[in-house]
Amino acid sequence: MCKQVGSTVVAPTKKGARVWLQGLESLGWAGGTRYNVEFHAGYVTLSRNAEGKRKVTPSKGGVIDLESKKIAQVFEGCERVAYHVNSDTINVFKETLEG
């Protein structure tokens, strides 16, 4: 079941691009929660995994900071992305103007 639909900016950086998600603790993604990242054409999936390579930062109510050249490739040409937060996954995808 989808808990939240939100959006955030894609910020260009020297390392590629950054997508920043915060306030995730109230949605079940508390600081210290471990996860893995999967890159796809047009979207990124974050999957909760007890032995994941990354973890949620506890500041600002739970923060995920994705910054890399892969983020820049997936979201090339986008200024904003949307995201869905579920109990075991977060999907970040290109925001569209379709209603």
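Bear in mind the structure is a predicted one, so any value in this text is a computation, not a measurement.

J.: With reference to specific residues and values, describe the pattern of salt bridges.
T.: Scanning the entire structure with this criterion turns up four salt bridges. Across the salt bridge formed by Glu67 and Arg18, the nearest N and O atoms sit 2.7 Å from each other. Separated by 49 residues along the polypeptide, Glu67 in strand β6 (residues 63-68) and Arg18 in strand β2 (residues 16-22) bring together distant segments of the chain. The exposure class of Arg18 is partly exposed, given its relative accessible area of 27%. Arg48 is the partner of Asp88 in a salt bridge, and the nearest nitrogen-oxygen pair spans 3.7 Å. Highlighted residues: Asp88 in the loop between β7 (80-85) and β8 (89-94) and Arg48 in strand β4 (residues 43-48), separated in sequence by 40 residues. Classification of Asp88 by relative accessible area gives partly exposed; the value is 46%. Look at Arg48 and you get partly exposed, because its relative accessible area is 33%.

J.: Hey, could you go over the pairing of β8 for me, with residue numbers and the actual values?
T.: Inspection of the sheet shows β4 paired to β8 by five bridges, in the antiparallel sense. Bridging across to β8, Leu46 finds its partner in Ile90. Hairpin geometry of β7 and β8 is characterised by an intervening segment of three residues between the two adjacent antiparallel strands.

Rules used in this analysis
Residues numbered from 1 in each chain as written. Predicted model: local features only at pLDDT ≥ 70, side-chain atom pairs only at ≥ 80, totals over all residues. Heavy atoms only, no water. Salt bridge = Lys/Arg side-chain N within 4 Å of Asp/Glu carboxyl O. Helix = DSSP H or I, 4+ residues; strand = E, 2+ residues; numbered from the N terminus. Buried < 20%, exposed > 50% of the residue type's maximum accessible area, 1.4 Å probe, protein only. Pairing = 2+ DSSP bridges.

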